[in-house]
Amino acid sequence: MKPSRYNRIFTASDGAILAFNGWSTALAEIDPEDLPFIRAMLADADGTPCDTAHKREIREALVAGRFLIEDAEDELATMAAEMLRDRFRTDQLFLVIAPTLDCNFRCDYCYEDHLRVTMSRAVQEAVVRLAEDRAPRITLLHVTWFGGEPTLPAAMKVVDGLSEAFLGLATKHGFEYKAQFVTNGYLLDRARVEHLVRLGVREVQVTVDGPAAVHDRRRVLLGGQGTFARIMENLSAGADLAQFQLRINVDRRNAASSLEVVEALERAGLARKVRPYLAQVTFAGSACGNIQETCFSDEEFARAEVELYREAARRGLPLSRYPFRLPGAFCTADRASGLVVSPSGALFKCWNEVTLGPERAAGHLLDGQQPFHEINEARWLGWNPLDRGECRACSVLPMCHGGCPYEALKVPDSPRGACEHYRYHLEPIVEIQHILGAPAGEGPKPPRGGAAAGE
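Keep in mind it's a predicted model, so treat the numbers as computed, not measured.

Colleague: Can you walk me through the sheet that holds strand β9 (residues 201-208) in this structure?
Modeller: Backbone-to-backbone hydrogen bonds pair the strands of a sheet. The strands run either parallel or antiparallel. Pairing in this open sheet of nine strands is mixed, and the strands run β11-β10-β9-β8-β7-β6-β12-β13-β14 from one edge to the other. In the strand order of this sheet, the two ends are held by β11 (274-280) and β14 (363-364), each with one partner. Relative to strand β12 (residues 338-341), strand β6 (residues 92-97) runs parallel, the two sharing four bridges. Across the sheet, the residue bridging to Val 96 is Val 340, located in β12. With respect to the sheet, helix α9 (residues 259-267) is in contact with β9, β10 (243-250) and β11, its orientation differing from that of β10 by roughly 150°.

Structural data, given as structure tokens:
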């Protein structure tokens with residue numbers, strides 16, 4: 001046996017000695033009396049005597065948590081195989097569908113150009129044909145409804161028609177159908193949630209930007225009216241019908257007040273029904289030019305995030321984060337079976353590109369895949385974090401996989417990818433979970449693949 005390359009042993013602020021493995025994400029508190037034996041095992045597992053029942057129990061725990069692995073195992077090779085296996089599997093189809101690019105909000109950081117365009121009947125029929133073509137060979141169809149704002153009336157007609165078609169195909173061919181809905185929540189009353197559940201939607205993500213006084217300056221209707229109260233009313237009315245995640249967007253302007261959202265959820269009896277998580281607002285290009293200086297850098301956000309989670313723990317608020325390992329592809333962008341469908345029928349790999357011109361597309365539902373589409377697709381599918389030296393050596397690689405491909409590919413000569421925040425705050429985040437108690441599972445997982453500035 002040999003030690004995993006992803007082991008960390010460190011002393012927490014309360015004096016506890018913690019052991020964490022980045023592959024299994026196992027967390028253990030070590031009795032100080034056992035620490036010398038554990039270090040000896042990790043240095044020379046086969047040469048360290050296990051001559052008592054207690055020592056044998058510790059060895060078994062080290063193996064179960066992947067702190068010790070087989071001599072023959074190459075963790076980098078295993079990770080590469082997992083990424084490739086998942087990236088090119090053909091038994092699943094992941095579609096992110098934007099039925100419209102129109103939106104009833106005008107958020108100051110939004111990276112999208114809100115064009116008043118809705119998916120045509122011809123494109124809808126082509127989406128169904130795509131699913132029909134894959135249906136005999138897949139075991140899972142996963143659809144994320146995106147936008148623009150998919151609850152707008154014209155968009156909902158598209159959602160209705162395509163959902164009925166997908167459900168029919170699932171029944172006919174016996175594959176599993178899962179649907180997720182990303183919405184600003186303003187039109188998401190109980191009747192709408194009930195309707196979406198009938199259409200196979202099981203997960204809903206809604207976004208707020210802080211308590212009412214802050215949110216209503218940032219996430220406003222087209223006419224400038226605030227939206228917080230309506231969103232909270234809708235969450236109260238429909239949170240029991242599906243799995244809700246509440247994304248709390250955070251930048252320099254609202255970080256100090258972000259926990260007030262969780263307190264508001266507590267007062268409304270929603271904090272344990274709607275799973276809140278913190279999300280970084282990032283500068284995403286020309287559409288966000290006016291907010292660039294208000295955005296945290298990744299390292300700054302990681303520091304702010306730790307302090308917010310610490311304060312949440314101190315107040316007893318249900319807001320926590322625990323690392324999870326990525327078992328394969330990072331998101332839609334680096335999956336061969338992942339496509340972002342724009343209203344025009346252009347197929348992209350990343351959510352951030354849904355409003356871009358056809359020259360950035362990886363295909364088109366109506367025109368087929370042209371040679372330049374193949375070049376664009378190859379750029380995404382050729383992305384490999386193991387080609388970058390700092391990624392190969394990084395202790396958080398199993399939880400990061402080089403980070404967001406969209407950001408990583410912007411700097412092709414960089415020695416590392418687009419680092420996830422765990423690079424900067426893994427030990428403090430793990431320590432917070434230790435203080436809270438047993439790991440709370442994997443926690444909220446936001447949709448992978450976009451929402452750079454916050455949906």
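Colleague: Would you mind going over the nonpolar core with me for this structure?
Modeller: One recurring pattern in soluble globular proteins: nonpolar side chains tend to sit buried together. Core analysis: the biggest nonpolar cluster contains 74 residues, and Leu 95, Ile 97, Trp 145 and Phe 166 have the highest contact counts within it. With seven residues, helix α5 (residues 153-173) is the largest single contributor of residues to this core. In terms of nonpolar packing, the next biggest core, distinct from the first, is built from 14 residues, Ile 17, Ala 19, Leu 35 and Ile 58 among them.

Colleague: Where do I start with the sheet that holds strand β2 (residues 7-11) in this structure?
Modeller: Strands sit in the order β2-β3-β4 across an open sheet of three strands; the sheet is antiparallel. Of all the strands in the sheet, the pair left with one neighbour each is β2 and β4 (27-30). Adjacent strand axes in the sheet meet at a mean angle of 25° when their direction is disregarded. In terms of strand pairing, strand β3 (residues 17-21) meets β4 through four bridges, oriented antiparallel. Its bridge partner being in β4, Ala 19 is matched across the sheet by Ala 28. Packing of helix α1 (residues 35-43) onto the sheet brings it into contact with β2, β3 and β4, and relative to β2 it is tilted by some 155°.

Colleague: How should the packing of α5 against helix α6 (residues 190-198) be read in this particular structure?
Modeller: When two helices pack together, their arrangement is captured by the angle between the axes and the distance separating the axes. Where α5 contacts α6, the axes come no closer than 10 Å and their chain directions differ by 30°. With respect to their mutual orientation, α5 and α6 come out roughly parallel. When α5 is examined against α6, the residues Met 156, Val 159, Asp 160 and Leu 167 are found in contact with a partner set consisting of Arg 192, His 195, Leu 196 and Arg 198. Of the residues that constitute the contact of α5 with α6, the class distribution is four nonpolar, one polar and three charged.

Colleague: In this structure, what is going on with a negative patch on the surface? I would like to understand it.
Modeller: On the surface, Asp 14, Glu 29, Asp 31 and Glu 33 cluster together to form a negatively charged patch. Its location among the elements puts Asp 31 in the loop between β4 and α1. Judged by relative accessible area, which is 38%, Asp 31 ranks as partly exposed.

Colleague: Teacher, can you tell me more about the state of the cysteines here?
Modeller: Two cysteines, two sulfur atoms, one covalent bond between them: this is a disulfide. Counting across every chain of the model gives zero disulfides. Of all cysteine sulfurs, the one in Cys 404 lies closest to Cys 331, which takes part in no disulfide; the gap is 6.2 Å. Not part of a disulfide, Cys 350 finds its nearest cysteine sulfur in Cys 404, a span of 5.8 Å.

Thresholds, definitions, all that
Residues numbered from 1 in each chain as written. Predicted model: local features only at pLDDT ≥ 70, side-chain atom pairs only at ≥ 80, totals over all residues. Heavy atoms only, no water. Pairing = 2+ DSSP bridges. Helix = DSSP H or I, 4+ residues; strand = E, 2+ residues; numbered from the N terminus. Contact = heavy atoms within 4.5 Å. Axes fitted to C-alpha atoms, helices over the stretch in contact; angles between N-to-C directions. Core = buried A, V, L, I, M, F, W, Y, C linked by side-chain atoms within 4.5 Å. Buried < 20%, exposed > 50% of the residue type's maximum accessible area, 1.4 Å probe, protein only. Parallel < 35°, antiparallel > 145°, perpendicular 65-115°, else oblique. Nonpolar A, V, L, I, M, F, W, Y, C, P; charged D, E, K, R; others polar. Patch = residues over 30% accessible without salt bridge, like charges linked within 9 Å, V, L, I, M, F, W, Y side chains within 5 Å. Areas by Shrake-Rupley, 256 points an atom, 1.4 Å probe, with all protein chains shown as cover. Salt bridge = Lys/Arg side-chain N within 4 Å of Asp/Glu carboxyl O. Lys, Arg positive; Asp, Glu negative; His and termini not counted. Charge placed at Lys NZ, Arg CZ, Asp CG, Glu CD. Disulfide = S-S within 2.5 Å.

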